[in-house]
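Residues per chain, in single letters:
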Amino acid sequence: PDEEGIVSRKPQNTDDAATSTSIIIPTGGEIFDDGTILELVDDPRQRSGLGLLKWNGCKSVLSPEVAHQGRTYVPLTLDPTVRRALRLASHASSFGSPETLFQELVALAGEYTDLAEPFRQQLVAIVFASWLADCLPTPINVSLWSPAAADGARVLLLLSCLCRLALALAGADAADLKALPDQLPATLLVLRPASSRRTRELLTTSGWRGFHSGRSGRLVETLGARVFSTDVPVGNRTLGPIIEIPVAPTRRPLPTLDAKRQRAIAEEFQPKLLQYRLTHCGTARTTKSTDVSSAGSTSELASGLRACFSDAPRLGERLGVLIEAEQSLDDVRRDDPRVVLVEVLLARCHEKGRAKLYVTEIAADLNAALLAGGGTLTLSARLVGSLLKSVGLPTHRLGQSGRGIKLDLATRRAIHRLAGLYDVPSDRRPFRDCAECAHAQDAEA
């Protein structure tokens, strides 16, 4: 075999009788120009536990290897730890209609998460999109903002039961991500990824069809979806199109999502979602964006999803709207503590004689405001410091009393700009005799 593991041998079963030898190609899935699809599936009969499902547009056949167009494809060789982490369907099964499957998954998300209805629907739209990630024109990058790690982890675990070739990871950095199997178009579900710039680049800029990254002299195309859960909003630090979903702290007891229940969910829905992929990825792959202004944006991804559902146009439209939903939705703002943080800072910087603010003071104000708004989570001073940094207000040591921010002219102006950016309510009521408020109002006018 060469460096890619490709060898030539006599084929066992071939659809090309004239071929006497066949190139052996390990694969994590293929889509051919004639509409044939190969999918990596669970096959307990094989030593590796893997098989290939071949779909010819009408029916599917499971086998340990597939001969097609003079080549023989075999399942990708995976490290046993990677194989155990993957939840794979062993077959494809009918899902009724796309609308029915969508509603079933929204109900499931409502049972196991405390997300608001719009975000449950958005989460399910991402599940659908993950099964077409290698067909759509734009990468699927999703950021879950979750101040409590347990809430973000629960959402990721549910996604691991439903998304295509899902791998749930913790604390991964760029080196960890590059060490994953090259030819596996996995959906990466990363809890608290490393905060380095290189890791963010890798998470948010890979996944473009036709573009490769270099690895040890080889070119690798990574086409799976990526979902990562962080303790602070990613915001404009990303380098590519991204879908952001806030995961508010859970306010009610939720059913246990243990390994047994995860397995049951996967066994029920993975075969349905696999059939969904087989019947829709042909349309997705041939879809081209006609909106030049939206190239590389979530709008282009939404257009691709809409086009996939010629058999269910109403659902296609709904999925498109969910994918390109803007962060300015009121529900998002209520779950985004940055809005409340800027509100607190705006009030404090108008106090006469106030020259500095300690992080502990800001945390107390912020928690009081969140509690008054119906919240139940208490944010630590460390987390509040991270929030300040995320909005462009890094803290500094202010003597023995701890870290904080100086309320000099530059900082006050920055806070007023943030008030306009986040559309905080008090920004519409300028403070009397405040030159920065007047300047902000003049700029808006």
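A few points on the structure. Everything quoted here is computed from the prediction, not taken from an experiment.

### Let's talk about the overall build of the protein
Inference 1: A tally of regular secondary structure across the protein gives 15 helices and 18 strands.
Inference 2: In the protein, once contacts between residues fewer than 6 apart in sequence are set aside, the share between residues at least 24 apart is 68%.
Inference 3: On the protein, roughly 21,100 Å² of surface is accessible, and the fraction owed to carbon and sulfur atoms is 51%.

### Focus on the pattern of salt bridges
Inference 1: Taken as a whole and judged by the stated rule, the model has 16 salt bridges.
Inference 2: Between Arg164 and Glu39 there is a salt bridge whose closest N-O contact spans 2.7 Å. In this pair, Arg164 sits in the loop between α4 (149-162) and β10 (166-170) while Glu39 sits in strand β4 (residues 37-42), placing the two residues 125 residues apart along the sequence.
Inference 3: We classify Arg164 as buried; its relative accessible area is 3%.
Inference 4: Taking relative accessible area as the criterion, Glu39 reaches 2% and is therefore assigned buried.
Inference 5: A salt bridge links Glu104 to Lys272; the nearest nitrogen and oxygen atoms lie 3.3 Å apart. With Glu104 in helix α2 (residues 98-112) and Lys272 in helix α7 (residues 259-286), the pair connects residues that are 168 residues apart, well separated along the chain.
Inference 6: Judged by its relative accessible area of 29%, Glu104 falls in the partly exposed class.

### Focus: the nonpolar core
Inference 1: In this structure, Leu105, Phe128, Leu159, Leu162 and Ile265 are the most contacted members of the largest nonpolar core, which totals 64 residues.
Inference 2: Aside from chain neighbours lying at most four places away, what touches Phe128 is Pro98, Leu101, Phe102, Leu105, Tyr276, Phe309 and Leu319.
Inference 3: Formed by 28 residues, the second largest nonpolar core is a distinct cluster that contains Cys349, Val359, Ala363 and Val424.

### Examining unusual backbone geometry
Inference 1: A positive phi angle, near 55 degrees, is found at Gln69, a position not held by glycine.
Inference 2: Locating Gln69 in the fold gives a position in the loop between β7 (66-68) and β8 (71-75).

### Observations concerning the packing of aromatic side chains
Inference 1: Under the defined criterion, the tally for this structure stands at three aromatic pairs.
Inference 2: Between the aromatic rings of Phe32 and Tyr73, the centroid separation amounts to 5.3 Å while the plane-to-plane angle is 65 degrees, which identifies the pairing as edge-to-face. Pair noted here: Phe32 is in the loop between β3 (29-31) and β4 and Tyr73 is in strand β8, with a separation of 41 residues, a long-range link.
Inference 3: Judged by relative accessible area, which is 11%, Phe32 ranks as buried.
Inference 4: On the basis of relative accessibility, which here comes to 6%, the residue Tyr73 falls in the buried class.
Inference 5: One aromatic cluster is present, built from ring pairs that chain together Phe102, Phe128 and Tyr276.

### A look at the pairing of β4
Inference 1: Of all six residues in β4, five are buried; the element is thus mostly enclosed.
Inference 2: Note that β3 and β4 share three bridges and pair antiparallel. Bridged to Glu30 within β4 is Leu38.
Inference 3: The antiparallel pairing of β3 with β4 creates a hairpin that spans five residues between the two strands, and Gly35 there sits at a positive phi of about 95 degrees.

### Considerations on the environment of Lys59
Inference 1: Relative to the helices and strands, Lys59 is located in the loop between β5 (50-55) and β6 (60-63).
Inference 2: Sequence spacing of Lys59 and Ala92 is 33 residues, and the spatial spacing of their C-alpha atoms is 9.6 Å.

### Focus: the sheet that holds β6
Inference 1: The four strands lie next to each other as β3-β4-β5-β6, forming an open sheet whose pairing is antiparallel. Strand pairing shows two members of the sheet lacking a second neighbour, β3 and β6, which therefore form its edges. For this sheet, the mean inter-axis angle between neighbouring strands, taken without regard to orientation, is 25 degrees.
Inference 2: Relative to β5, β4 runs antiparallel, the two sharing six bridges. Paired with Leu40 across the two strands is Leu52, which belongs to β5.

### A look at the sheet that holds strand β17 (residues 396-397)
Strand pairing in a sheet relies on backbone hydrogen bonds, with the paired strands running either antiparallel or parallel.
Inference 1: The strand order β16-β18-β17 describes an open sheet built from three strands, whose pairing is antiparallel. Two strands bound the open sheet, and with one partner strand each, they are β16 (356-358) and β17.
Inference 2: Where β16 lies against strand β18 (residues 403-406), three bridges are found, and the strand directions are antiparallel. Each residue of the ladder has a partner; that of Tyr358, found in β18, is Gly404.
Inference 3: Sheet strands touched by helix α12 (residues 359-372): β16 and β18. Its angle to β16, the strand with the most contacts, is close to 70 degrees.

The rules behind the values
- Residues numbered from 1 in each chain as written.
- Predicted model: local features only at pLDDT ≥ 70, side-chain atom pairs only at ≥ 80, totals over all residues.
- Heavy atoms only, no water.
- Helix = DSSP H or I, 4+ residues; strand = E, 2+ residues; numbered from the N terminus.
- Contact = heavy atoms within 4.5 Å.
- Areas by Shrake-Rupley, 256 points an atom, 1.4 Å probe, with all protein chains shown as cover.
- Salt bridge = Lys/Arg side-chain N within 4 Å of Asp/Glu carboxyl O.
- Buried < 20%, exposed > 50% of the residue type's maximum accessible area, 1.4 Å probe, protein only.
- Core = buried A, V, L, I, M, F, W, Y, C linked by side-chain atoms within 4.5 Å.
- Phe/Tyr/Trp six-rings, centres within 6.5 Å; stacked < 30°, edge-to-face > 60°.
- Pairing = 2+ DSSP bridges.
- Axes fitted to C-alpha atoms, helices over the stretch in contact; angles between N-to-C directions.

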